Amino acid sequence: MIRFDDVVKQFGDHVVLDHLDFQVARGDRVTLIGPSGSGKTTILRLLMTLEKVNEGVIWVDGVPLTHEEKGSKLVPASEKYVRRIRRRIGMVFQQFNLFPNMNVIENITEAPIHVLGLDKAAAVTRARELLETVGLSDKETAHPTQLSGGQQQRVAIARALAMDPDILLLDEVTSALDPELVADVLDVLRNVARTTDITMLIVTHEMQFARDVSNRVMMFDAGRVVEEGDPATIFTAPKNERTKTFLKAVLAE
Ligand SMILES: Nc1ncnc2c1ncn2[C@@H]1O[C@H](COP(=O)(O)OP(=O)(O)OP(=O)(O)O)[C@@H](O)[C@H]1O
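Just so you know, these numbers come straight off a predicted model, no measurement behind them. (Residues numbered from 1 in each chain as written. Predicted model: local features only at pLDDT ≥ 70, side-chain atom pairs only at ≥ 80, totals over all residues.)

Q: Is there a simple way to think about the overall build of the chain in this case?
A: Along its length, the chain carries 9 helices and 12 strands. Over its C-alpha trace the chain gives a radius of gyration of 18 Å, about what one expects of a compact globule, namely 18 Å for 253 residues. Projected onto its principal axes, the C-alpha positions of the chain cover 50 × 50 × 35 Å. Per-residue burial over the chain gives 38% buried out of 253 residues. Residue pairs in contact within the chain that sit at least 24 positions apart in sequence constitute 62% of those at least 6 positions apart. (Helix = DSSP H or I, 4+ residues; strand = E, 2+ residues; numbered from the N terminus. Rg over C-alpha atoms; globule rule 2.2 N^0.38 Å. Buried ≥ 20, exposed ≤ 12 C-beta atoms within 10 Å, placed from the backbone. Contact = placed C-beta atoms within 7 Å.)

Q: For this particular structure, what's the right way to read the packing of helix α5 (residues 149–161) against helix α6 (residues 179–195)?
A: A packed helix pair is summarised by two numbers, namely the angle formed by the two axes and the spacing between the axes. Where α5 contacts α6, the two axes come as close as 8 Å, and the packing angle between them is 20°. Classed by the angle they form, the pair α5 and α6 counts as roughly parallel. Crossing hand, α5 versus α6: right-handed. Between α5 and α6, the contacting residues are Gly149, Gly150, Gln153, Arg154, Ile157 and Leu161 on the first element and Leu181, Asp184, Val185, Val188, Leu189 and Val192 on the second. Looking at side-chain class alone, the contact of α5 with α6 contains 7 nonpolar, 3 polar and 2 charged residues. (Axes fitted to C-alpha atoms, helices over the stretch in contact; angles between N-to-C directions. Parallel < 35°, antiparallel > 145°, perpendicular 65-115°, else oblique. Left-handed = near helix turned anticlockwise from the far one by under 90°. Nonpolar A, V, L, I, M, F, W, Y, C, P; charged D, E, K, R; others polar.)

Q: In this structure, what is going on with the environment of aspartate 184? I would like to understand it.
A: By secondary structure assignment, the location of aspartate 184 is in helix α6. Take aspartate 184: there are 19 C-beta atoms within 10 Å of it, and that puts it in the partly exposed class. For the pair aspartate 184 and glutamine 153, spaced 31 residues apart in the sequence, the C-alpha separation amounts to 9.9 Å. In this view, aspartate 184 contacts Gly150 and Arg154; residues no more than four positions away in its chain are not counted.

Q: Please clarify how the UniProt feature "domain: ABC transporter" (unreviewed entry) in the chain should be interpreted in this entry.
A: Using the residue numbers shown here, the UniProt feature "domain: ABC transporter" (unreviewed entry) corresponds to residues 2–247. A helix fraction of 37% and a strand fraction of 28% characterise residues 2–247, whose end C-alpha atoms lie 26 Å from each other. (UniProt positions renumbered as here; feature names shortened; annotations may be inferred.)

Q: I'm lost on the site of the ligand in this one. Help?
A: For the ligand, the full set of nearby residues is Phe11, Val16, Gly34, Ser36, Gly37, Ser38, Gly39, Lys40, Thr41 and Thr42. With 3 residues, the top contributor of residues to the shell around the ligand is helix α1 (residues 40–47). (Near = placed C-beta within 6 Å.)

Spelled out as structure tokens, the structure:
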């Protein structure tokens, strides 16, 4: 359902993704691993249309994300087209990114009301269900500054789910948290993985979490996939030398 087709992304002269090809099937849970700077976050940001490709095309369910089809030609996508198509994709960031001036329920209902056009009562009902899922039913009227980092991140997960995404992108979602707050957030995500069929792309250093939720691991180096496979194989018997070195370093942390 997601296809990177010969994607090049560069910042100035720095080529971050180098003619990258890969596919992710609907319902897959893919963990992206690789050294710092290997392009993992860039892949998620391209999917979220926060960045533009320099070359190549990204497809979602056979529809181009980066381009529009005009007759038999692909032309760069307009802002309007991008806004429509990216509704299907949700992202949770390292730094929560909640709206500071809105309370919890407003944070969760803002996009469903203003982007999807849901009526307020329906959006609030759905938000309450999601707050229960993430264990924060008692925090409806709290503002982000009144919440711990772990609670803010659970609100951010509820906010992403409120858009009913087909694809959920998780970018180092526990990296900014105090260690004692990590487990609750990962448990919420394990639950999302267990109870939905949302396609997930996950960037994380939490290897046990990656093993628990993903069915596939892709190892990136210098903007290319150097090895991929199921988590049990990649984590216990990697073949590629770069994967071996990377995992040794991560597991020693
Ligand atoms: N907006 C930008 N402008 C310039 N360079 C950028 C920008 N965004 C990313 N880069 C560079 O692109 C490269 C890939 O970054 P990216 O964040 O995708 O890597 P990563 O694999 O996610 O790394 P990490 O594990 O450290 O988060 C890095 O060298 C980074 O400095």
